[in-house]
Amino acid sequence: MDIKSLTQDRALIFDGAMGTMLQAKGITPGEPPELWNLRNPQAILDIHKQYVEAGADVITTNTFQAHALKLGSKAASDEVIAAGVRLARESGAAFVALDIGPLGRLMEPLGPLTFDEAYGHFRDQMMAGAAAGADCIIIETVSDLYEMKAAMLAAKENTGLPVICSMTFQENGRTLTGADAVTAAAVMRGLGAGALGANCSTGPGSLAPIVKTMLEYASVPVIVQPNAGMPSIRDGITSYDMGPEEFAELTVDLVRAGARIIGGCCGTSPEYIRRLRTMAERVKPGTPVIKSVGICASGSRAVAFGRSFVEIGERLNPTGKKRLKKAIVEMDSVYITGEALNQINAGAQVLDVNVGLPEVDEAVVLPKITKLIQQTADTPLMLDSTSPEALEAAARVYNGVPVINSVNGKKAVIDAILPIAAKYGAMLVCLTLDEDGIPETADKRLEIAARIKDAALSYGIPRENLLIDCLTLTASAQQDQAMETVKAIRRVNPELGCNTVLGVSNISFGMPERDIITEAFLGTAIGAGLSAAIINPLSPRLREFLDAYDVLDCRDRDGARFTAKYAPKNTNQTIKPVEAETATLNSIITQGRKDEAAAATEALLNAHDSLEIINNEIIPALNAVGLLYEKGTIFLPQLLMSAQAAQNSFAVIKSRAKQASSFRGKILLATVQGDIHDIGKNIVKLLLENYGFEIIDLGKDVPPEAIIAAIREQEIHLAGLSALMTTTVKSMASTITQVKENGLDCAFIVGGAVLTPEYAKSVGADYYAKDAMEGVRIAEEFFKDEKIVDN
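Description of the structure in this document. (Residues numbered from 1 in each chain as written. Predicted model: local features only at pLDDT ≥ 70, side-chain atom pairs only at ≥ 80, totals over all residues. Heavy atoms only, no water.)

## Re the sheet that holds strand β10 (residues 261-262)
Pairing between the strands of a sheet is mediated by backbone hydrogen bonds and can be parallel or antiparallel. To keep things clear, this is the line we draw: In short, DSSP must find at least two bridges between two strands for them to pair. Each helix is a run of DSSP H or I of at least 4 residues and each strand a run of E of at least 2, with the numbering of both proceeding from the N terminus. Note on definitions: a residue-residue contact is assigned when non-hydrogen atoms from the two residues lie within 4.5 Å. In this description, a line fitted to the C-alpha atoms serves as the axis of each element, helices being fitted only across the stretch in contact, and the angle between N-to-C directions of two axes falls anywhere from 0 to 180 degrees.
Spatial strand order, β1-β10-β7-β6-β5-β4-β3-β2: 8 strands in an open sheet with parallel pairing. The two strands at the open ends of the sheet, each matched to only one other strand, are β1 (12-13) and β2 (58-60). Pairing of strand β6 (residues 195-200) with strand β7 (residues 222-226), which is carried by 5 bridges, proceeds in the parallel orientation. Bridging across to β7, Leu196 finds its partner in Val222. Sheet strands touched by helix α6 (residues 74-90): β2 and β3 (95-100). Its angle to β3, the strand with the most contacts, is close to 150°.

## Focus on the pairing of β7
In plain terms, the rule: Exposure classes here rest on a 1.4 Å probe applied to the protein chains alone. A residue is buried below 20% of its type maximum, exposed above 50%, and partly exposed in between. The crossover handedness rule: strands pointing away from the viewer, path from first strand over the helix to second strand clockwise, crossover right-handed.
Counting buried positions over the 5 residues of β7 gives 5, a clear majority of the element. Taking every second residue as pointing to the same face, both faces of β7 are buried, with Val222, Val224 and Pro226 on one and Ile223 and Gln225 on the other. Assessed by its sense of winding, the connection that carries the chain from β6 through helix α10 (residues 204-217) to β7 is right-handed. Both β7 and β10 contribute to a ladder of 2 bridges, which runs parallel. Within β10, the residue paired with Ile223 across the bridge is Ile261.

## A short note on a negative patch on the surface
Inclusion rule: Residues enter patches when their relative accessible area tops 30% and they take part in no salt bridge; the joining distance is 9 Å for like charges and 5 Å for the nonpolar side chains Val, Leu, Ile, Met, Phe, Trp and Tyr. Only the protein chains shown count as covering a residue, and every accessible area follows the Shrake-Rupley method with a 1.4 Å probe. A side-chain nitrogen of Lys or Arg and a carboxyl oxygen of Asp or Glu constitute a salt bridge if their distance falls within 4 Å. Charged residues are defined here as Lys and Arg on the positive side and Asp and Glu on the negative side; His and the ends of the chain fall outside this count. In plain terms, the charge of a residue is placed at NZ if it is Lys, CZ if Arg, CG if Asp and CD if Glu.
A contiguous patch of negative charge, built from Asp241, Glu246, Glu249 and Glu758, is present on the exposed surface. With respect to the element layout, Glu246 can be found in helix α11 (residues 244-257).

## Structural notes on a nonpolar patch on the surface
A contiguous nonpolar surface patch, about 270 Å² in accessible area, is contributed by Val551, Leu552 and Phe562. For Leu552, the location among the structural elements is in helix α21 (residues 540-552).

## Some words on unusual backbone geometry
With omega at 0°, the peptide bond leading from Glu108 into Pro109 counts as cis. Take Pro109: it is sitting in the loop between β3 and α7 (115-132). Of the consecutive residues Asn405 and Ser406, the connecting peptide bond is found in the cis state with omega at 25°. Along the chain, Ser406 turns up in strand β16 (residues 403-408). We note that Glu513 has phi near 45°; this positive angle belongs to a residue other than glycine. Within the fold, Glu513 resides in the loop between β19 (499-503) and α20 (514-527). A residue is classified by how much of its surface remains accessible, and Glu513, at 60% relative accessible area, is exposed.

The following block contains the structure:
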């Protein structure tokens, strides 16, 4: 199946919702839809045929969550998937897409699911679908880029099928874990998606800005499969507020903008696809203007090369740093994350990470430290090693698009490194040296750069992903080479179309007042077109230069940051790294430094009582982080890391107290019957516990009678219910109704991806929480007369 050729002249049409159709056919609340492939295959086949008759080119299999975590075993998953592919094929569809959804669990470091475990579950599904004869794979409704990476690698490494990737976004334009459209597109494109885009979320109008942004960064076809607007329950039936005509008009507008694959998600039916097909046949897909910029990214933050100067922090390199060497050998997480955060706070946009020591196995240590830093910081990383094995291991577990440092003109190095960069979509530092060493002239360095570029293009690595390093030699020993480097930089972009990078500190080696020379060389190189530099962001002189340059480059709009930092009252301000030993518990929690929280709490307990620590350190820190989250300054990963740091602090307080009880209020939490997705519930639980509430967690797939029994036995007056799928929202409504029929005095907060304030009201809930922090605010208001009492 050649997706690109199929979408050359017209939009490829996918089908619409399966859950909505199954509800109409009488699926019971909580019944896994995937099992209908075996229990009621004729109903599934009938739905598929309706979509084919409506004009769908591609039928997705009824296998959205046909994995062992939900169905109990790989054997059950294999059977369901084989039946799902067979039924889709029997519908007469031109193409069959194996449908893969999220696993329903938070991945590390936010949750218990490891990358390898997720990969294993996805691998089993992909192999079963390929063996059954699927034409392509669609990985959809994913809200965590790290999970998307595990799924994509499982598909690419274990099948030869084209892979379509589709994320789901919240109202703020980001995924649950904080990725925006640029970051998501960069990661999916880099990992080799045959098509990428967005689905579910809301209606086509709300998805339009996300899709249009993706179109600017995607070099592959873009898919969009929106919901039919927003849901509500009317007369016990879930319905959506957008009809087929409006849905088709708005979705086809995205085809005019350049989307080449369209279909429907929740709330759509064959009639929606029929109208979509009719309108789309009259429209030729637009041709968007692609922005050719190199992008590296973490799971929630992207940095573009080629627009503004990029500052890369150099301090996580043990060369000449005895304390860092010791930290790497001992895996001192406190010191290592402290070094990372100090550079980020000083202004570094990317961090170089090097663990090259003879006493460590880089292939083991580099991925460990990569994951350690990504637990605390959302700044993209440059993976720095001469070991292909270490680079492969670290790139695999890295969340996002890394920069690999480095490749050079030696054939053996090119053959070893380029496949790694191509596989993981990484940007790549390219050193202009080869078997003959470092050339003395700019011409020779350009020749090597061109040779690396041509080799990279043959691997499918775009030229904008290459960072040509024209190499910095010491002015003390090779003075005439400084300007040769500058000459080479000036030619790279015009002649090769690539970006440039330099490690500038070497220029001043062996000279007094090194920062003076380094600053002058950096300014000269930037003037010649340097895209990025690997520097010490904690150098006061370089910091002043770069702060000033940000004003001139318009990165610091109106000079606001410069003015705030260098106004007369701050003329003596210098950059002071925060040492782990002096960091306050408040700052530790705010920065999510969970490994430091317990020790800091232990120290405070020697001089303060637990209530003082809770009220003066922990709660203010959580409030500050919560406010940043609500403003969209930070995202779910940072919120959860702070919550976990606070949890570690509370654990120490509880262990030191003879009896520690929370009297703020008792809250019951449950994911309703038939729904195995407990990510949202677990996030809410973690935050509520940190705010002093006692949580009775009944888990997932909880029947109404179990909730009723717990409310009665535990004397619960506030309960939170979660549901992700439209097919299980009925269970939410049924549970609330039954609780009220039993005469129990209990208010309900509800939340979940498919819920809205109107939807919450229609199921009988008292409160709607759009996210975990709003759940905390509701609980605080509900129990506002309660206080935390420490006995």
